[in-house]
Amino acid sequence: MGKIVERANLRWFERLYLPAIWSGFKVTARHFFSWKRSEVYGKEQAGFELKATMQYPEERWTVPTGYRGAPYLVSDQDGHTKCVSCQLCEFVCPPKAIKIIPPGPAGKSADRPNAEKMPAEFEINMLRCIFCGLCQEVCPEEAIFLQKDYSLTGTTRAELIYDKEKLLALGGTHGGIQKWKHKLDEAKEQETFPLKD
Amino acid sequence: MDWINNLIAGLSAGQQLALFSLLKILAAIFLVLLPIVAYTVLVERKVSAFIQDRVGPNRTAPPFIKYLPVIGPLLQRLGIFQPLADGLKLFLKEDFSPSHVRTIYFWLAPVLAMVPALLTIAVIPFGSKLGAEKMVIADLNVGILYTFGIVSLSVYGIVLAGYAANSKYPFLGGIRSSAQMISYEIAMGLSVIPVFMMVGDLNLGAVIDYQAKHGWFILYAPVSFAMFLVAAFAETNRLPFDMPESESELVAGYNTEYSSMKFGLFFMGEYAAMVAVSGMMVTLFFGGWTLPFWGLDQPATSLLLSAAHIGVFLGKTLGLLLLFIWVRWMLPRFRYDQLMDLGWKRFIPLGLANIVVTALVLLLLNRN
């Protein structure tokens, strides 16, 4: 089934191409002389129209909520590491980008009261990470979140393996539940819990 | 300066001609043509960017340039260094030849695309005089015939590229190119005949002299100019007649299989042809290096005046180049049959009628 396209019957004047050329000129001239500015260069002048180009390193996308960027570790309101080194994220991670070394029996204890442990080392290989968000979904402590960073750059491969300190620094604070703190409070109220703090 | 004068005086007339021609060729190609080609590409990118509300090249700069106050960032923003980077990139790219090409022709085609454009420059008077030297590389008395002879050769580069690449898109590009060139060659030739009927001489210098006395030919022969302009677009494979290349249909047309400097030659050849055709149009229709005021219409007597003449010529040429560039972003591509239709069925009769009318008018004017 072919579709027959209706062709307009052009008058002799239109067939000279001149009207089309003229309107083409009008359109191009309007855009050429619109003097739109780019955000980067036009900061000093207010009220200018913007060019279509977004000049990447200086101008960036407004990332929508729920965007899956790079996963970072977060701290709680008191600045403590939330991760308890359960290794669920390491286990679930499809590309095996996460590597956790737990403290072990003789290792350093957690930096907050009543928590059993925190990771001795926590590395995410950003070259492997596929930003799927399974680690965030699986985490029982709400300690890891996909954040809004999408342009991770480095000059070596080693640079893109983020260690615990870097992940915590980039992750920032995340409120929400403080499960271990609340448990401690409950225990104190009951005065039966052996832990003194 | 004395030793230069002595050296020149010591040479025979033939040697002097050879020396000056060589100097003019080198200067015209390396100091004028190639820089214009490079910066026309930049202007094209910038103009297209502005027409499409984009920014255009504004990042390239040598590392030290940002330390210049004000000027450095401005030059970078204008993309002044972009052509240098483009050229460097073309040289550094791998010169890749696919295994299925016909090697000799594959190597020959880019050369054939570039050379005619350069040869056309030879007969265009780009200034009046510098000292005692006429500012034209070859002062031929059949200048325009030479031009048409050479311009016809430029189709070989493209057709040969299409044939040598031995794959379908270049081949289609080559075929389209040959058909297009043939149909517009005739229209182009017919369009300039009235000009030479009025001048009575085929020498391009004589054409300029005539225009200096009587006014530019665009006033006397607007139909000729319109036809020549359209044919020039077709000859240089520019939109709306870029059939051989038509990148949205034929990948990149005739130069699909080319890379590195071989592609660069096609690329530069296209722009050099634009410069040559613009120079030709300036000579034929816009009075060449003359301006009707400030006494710029007489051959130069001083160094300053001859520099001004060259400047006037270059200015007019650049104006026409801007027209070429602007039209590229203004008009959509012609369909193949419309192109043929315009060339054969409209322009050739129009050109013939133009010649007849001009002849009749000249006859009536001369009778009185």
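Residues numbered from 1 in each chain as written. Chains lettered and ligands numbered in written order. Predicted model: local features only at pLDDT ≥ 70, side-chain atom pairs only at ≥ 80, totals over all residues. Heavy atoms only, no water.

J.: Quick question: what am I supposed to make of the overall build of chain B here?
T.: When you go through chain B residue by residue, the secondary structure sums to 13 helices and two strands. Here the C-alpha coordinates of chain B stretch approximately 65 × 60 × 45 Å along the principal axes. Buried positions account for 48% of the 368 residues belonging to chain B. On chain B, roughly 17,500 Å² of surface is accessible, and the fraction owed to carbon and sulfur atoms is 72%. Taking the 24 positively charged and 21 negatively charged side chains of chain B as two groups, their mean positions are separated by 5 Å. (Helix = DSSP H or I, 4+ residues; strand = E, 2+ residues; numbered from the N terminus. Buried < 20%, exposed > 50% of the residue type's maximum accessible area, 1.4 Å probe, protein only. Areas by Shrake-Rupley, 256 points an atom, 1.4 Å probe, with all protein chains shown as cover. Lys, Arg positive; Asp, Glu negative; His and termini not counted. Charge placed at Lys NZ, Arg CZ, Asp CG, Glu CD.)

J.: Teacher, can you tell me more about the pattern of salt bridges here?
T.: Within the structure shown, the criterion is met by ten salt bridges over all chains. Among the salt bridges present, the one from Lys99 of chain A reaches Glu123 of chain A, with a minimum N-O distance of 3.8 Å. In this pair, Lys99 of chain A is assigned in strand β2 (residues 98-101) and Glu123 of chain A in strand β3 (residues 121-125), connecting sequence segments 24 residues apart. Judged by relative accessible area, Lys99 of chain A falls into the partly exposed class, the value being 42%. Ionic pairing is found between Arg238 of chain B and Glu44 of chain B, a salt bridge with its closest N-O pair at 3.0 Å. (Salt bridge = Lys/Arg side-chain N within 4 Å of Asp/Glu carboxyl O.)

J.: Could you clarify how one ought to interpret the nonpolar core in this entry?
T.: Nonpolar side chains in soluble globular proteins tend to be buried together. Within the largest apolar cluster, 71 residues are counted, with the highest numbers of intra-cluster contacts made by Phe228, Met281, Leu284 and Phe285 of chain B. Contact partners of Phe285 of chain B, with chain neighbours within four places excluded, come to Val192, Val195, Gln211, Trp216, Phe217, Ile218, Ala221, Ser224, Phe225 and Phe228 of chain B. In this structure, Leu73, Ile100, Phe122 and Ile144 of chain A belong to the second largest nonpolar core, which totals 22 residues. (Core = buried A, V, L, I, M, F, W, Y, C linked by side-chain atoms within 4.5 Å. Contact = heavy atoms within 4.5 Å.)

J.: How should I be thinking about the environment of Leu146 of chain A in this particular structure?
T.: All names here are of chain A. Within the element layout of this structure, Leu146 appears in strand β4 (residues 144-146). Taking relative accessible area as the criterion, Leu146 reaches 11% and is therefore assigned buried. In this view, Leu146 contacts Tyr67, Arg68, Gly69, Ala70, Pro71, Phe131, Cys132, Gly133, Cys135 and Gln136; residues no more than four positions away in its chain are not counted.

J.: Before we go on, may I ask you to explain the interface of chain A and chain B in this structure?
T.: Much of the literature gives interface size as the accessible area that the parts lose upon coming together. Taken residue by residue, the interface counts 20 residues in chain A and 16 residues in chain B. At the junction of chain A with chain B, the criterion picks out zero salt bridges. For the pair chain A and chain B, the interface holds four residue pairs in polar contact (both at pLDDT 80 or more). Residue composition of the side of chain A that touches chain B, grouped by class: nine nonpolar, seven polar and four charged. (Polar contact = N/O pair within 3.5 Å; in protein donor to acceptor, adjacent residues only side chain to side chain. Nonpolar A, V, L, I, M, F, W, Y, C, P; charged D, E, K, R; others polar.)

J.: Even after reading the chapter, I still don't get helix α7 (residues 168-199) of chain B, so can you show me in this structure?
T.: Helical periodicity: at 3.6 residues per turn, an α-helix aligns residues three or four positions apart in one direction. Residue and element names in this part refer to chain B. The end-to-end C-alpha separation of α7 is 47 Å, in line with the 46 Å expected for 32 residues at 1.5 Å each. Considering bend angle alone, the principal kink of α7 is centred on Ile193 and spans about 25°; proline Pro194 follows within four residues of it. In the segment just after α7, Gly200 is the residue with positive phi, at about 80°. (Expected span 1.5 Å × (residues − 1). Bend = angle between axes of the 7 residues up to and from the residue.)

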